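Here is how the chains run, residue by residue.
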Amino acid sequence: MATIDEILADEGKLNSVTKAVFDQVDTDGSGQIDKAELKAAMNQVAQESDIEAPSEEDVEKALKELDADMSGTIDVNEFKELVRQLLQALTSS
């Protein structure tokens, strides 16, 4: 099993991890994460973490931050930046 540092250092491994997580969030298989799918994923994380569910404003803010091309959805490349940031945060804590 690869370490976080190994994943961050290897674009192929990062792409593989990103695609696996992306496919779990992209429940309709469209190749895009829409607002409803993002909200469902955020609700799932909140529930598993025993924290308050995100508000509509929280979901909108997250979508705007991740949606670099302002298409209204998140593609796998936009999602990869989130995965990269999360992994980097884990290595610095």
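Residues numbered from 1 in each chain as written. Predicted model: local features only at pLDDT ≥ 70, side-chain atom pairs only at ≥ 80, totals over all residues. Heavy atoms only, no water.

Student: Help me out: how do you make sense of unusual backbone geometry in this one?
Tutor: Peptide bonds are mostly trans, and most non-glycine residues show a negative phi. You will see that D50, though not glycine, has its phi angle at about 55°, which is positive. As for its position among the elements, D50 is in the loop between α3 (35–49) and α4 (56–66). (Helix = DSSP H or I, 4+ residues; strand = E, 2+ residues; numbered from the N terminus.)

Student: Got a minute to help me understand helix α2 (residues 11–25) in this structure?
Tutor: Residues that lie three or four places apart on an α-helix share one face, since the helix turns once every 3.6 residues. Along its 15 residues, α2 runs 21 Å from first to last C-alpha, staying within 8% of the 21 Å computed at 1.5 Å per residue. For α2, the complete set of buried residues consists of L14, T18, F22 and V25. The buried residues of α2 all sit within an arc of 60° when viewed along its axis, so they share a single face. On its buried side, α2 packs onto α1 (4–9), α3 and α5 (76–92). Capping the start of α2 is the job of one residue whose side-chain oxygen sits 2.9 Å from the backbone nitrogen of G12: D10. (Expected span 1.5 Å × (residues − 1). Buried < 20%, exposed > 50% of the residue type's maximum accessible area, 1.4 Å probe, protein only. Arc of directions from axis to C-beta. Contact = heavy atoms within 4.5 Å. Polar contact = N/O pair within 3.5 Å; in protein donor to acceptor, adjacent residues only side chain to side chain.)

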